[in-house]
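Coordinates in review
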Amino acid sequence: MILITRPKSEAEELQKQLEKKNIHCLIEPLTHHKFIDRKIKFNEKNIYICASQRCVESLVRLKNNYNINLVVIGKKVEKLLRQNSFKNILYVALDSKQLIKWMKKNNNYLSCYIYLSGNIINNEFINDLKKFQISYKRKIIYQTILKKSFHRNTIKNLKQNKISSIVFFSKTSAYVFFKLLKKYKIFFVVKNLSFFVLSSRIAKVCKSHKIKHDVIKISPKPNQSSIISLILDLK
């Protein structure tokens, strides 16, 4: 059985895809999100950075902003933006490193970027913006709430070794998972687990908890279809 740690709607979508392939899943969302009601004066001269599905959902709630210029991380985020009538998408990056490369180009370097984010950010991305002296401002438009407990069923299945693998799509989910293992004094279960992670950044969180390298499987590309293929190849 695979434990999916994504927020509920995304977890259910992933579960549906995996169970079509006869892979049984258990859902335990380790984060959820709260949208922040705030007024933002959008300026068509700025370029807005949108890096998550939650950012898109927040933008839709804010309204009257469909003509803003956007740079995007992830094909799925781009798809959601277009579905919600955002058309001025200047660039779609695979990940934050690729976006930084685009922003460093001469014709993009002098632009003023607005990073639309949650309260928890990609520190590596922020450090790169500062390192390359790219002008930006950050506006928080949603809040990520961390789970404080496991469901009883999750604890039972972990203790009984019925869960063989964990899927992490974010560093935050990995952080919460290991924190809760310690809270419930069941960290010993990790010796029977493998970990499917979306990126090397998430893998580092696992390694920081002394998880062996050979049980950490990193998705070749940072998207859901790639991690599903990885799971299928190794099951």
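Right above here is the structure, for reference.
Residues numbered from 1 in each chain as written. Predicted model: local features only at pLDDT ≥ 70, side-chain atom pairs only at ≥ 80, totals over all residues. Heavy atoms only, no water.

The next thing to look at is the packing of helix 4 (residues 96-103) against helix 6 (residues 123-131). Relative to each other, helix 4 and helix 6 sit at 15°, their axes nearing to 10 Å. As judged from the angle between their axes, helix 4 and helix 6 are roughly parallel. Remark: the crossing between helix 4 and helix 6 carries right-handed chirality. Between helix 4 and helix 6, the contacting residues are Ser96, Lys97, Leu99, Ile100 and Met103 on the first element and Glu124, Phe125, Asp128 and Leu129 on the second. Each residue belonging to the contact of helix 4 with helix 6 can be placed in one class, and the counts come to five nonpolar, one polar and three charged. (Axes fitted to C-alpha atoms, helices over the stretch in contact; angles between N-to-C directions. Helix = DSSP H or I, 4+ residues; strand = E, 2+ residues; numbered from the N terminus. Parallel < 35°, antiparallel > 145°, perpendicular 65-115°, else oblique. Left-handed = near helix turned anticlockwise from the far one by under 90°. Contact = heavy atoms within 4.5 Å. Nonpolar A, V, L, I, M, F, W, Y, C, P; charged D, E, K, R; others polar.)

Take the packing of aromatic side chains next. Two measures describe an aromatic ring pair: the distance that separates the ring centres and the angle between the ring planes. Tallying each qualifying case throughout the model produces 13 aromatic pairs. When the ring of Tyr115 is compared with that of Phe125, the centres are 5.3 Å apart and the planes differ by 85°; the resulting orientation is edge-to-face. Of this pair, Tyr115 sits in strand 7 (residues 113-118) while Phe125 sits in helix 6, and the two are 10 residues apart along the sequence. On the accessibility criterion, Tyr115 (6% relative accessible area) is buried. A network of ring pairs unites the aromatic residues Phe150, Phe168, Phe177, Phe178, Tyr184, Phe187 and Phe195 as a single cluster. Here the basic side chain of Arg6 rests over the ring of Phe169, its NZ or CZ set 3.8 Å away from the ring centre. The lysine or arginine in question, Lys104, covers the ring of Phe132, its NZ or CZ lying 4.1 Å from the ring centre. (Phe/Tyr/Trp six-rings, centres within 6.5 Å; stacked < 30°, edge-to-face > 60°. Buried < 20%, exposed > 50% of the residue type's maximum accessible area, 1.4 Å probe, protein only. Lys NZ or Arg CZ within 6 Å of the ring centre and 35° of its normal.)

Phe168, Phe177, Phe178, Leu181 and Phe195 are the most contacted members of the largest nonpolar core, which totals 42 residues. Here this core gets six residues from one element, more than from any other, and that element is helix 8 (residues 171-183). Those residues in contact with Leu181 that lie beyond four places of it in its chain are Phe150, Leu158, Ile186, Phe187, Val189 and Val190. (Core = buried A, V, L, I, M, F, W, Y, C linked by side-chain atoms within 4.5 Å.)

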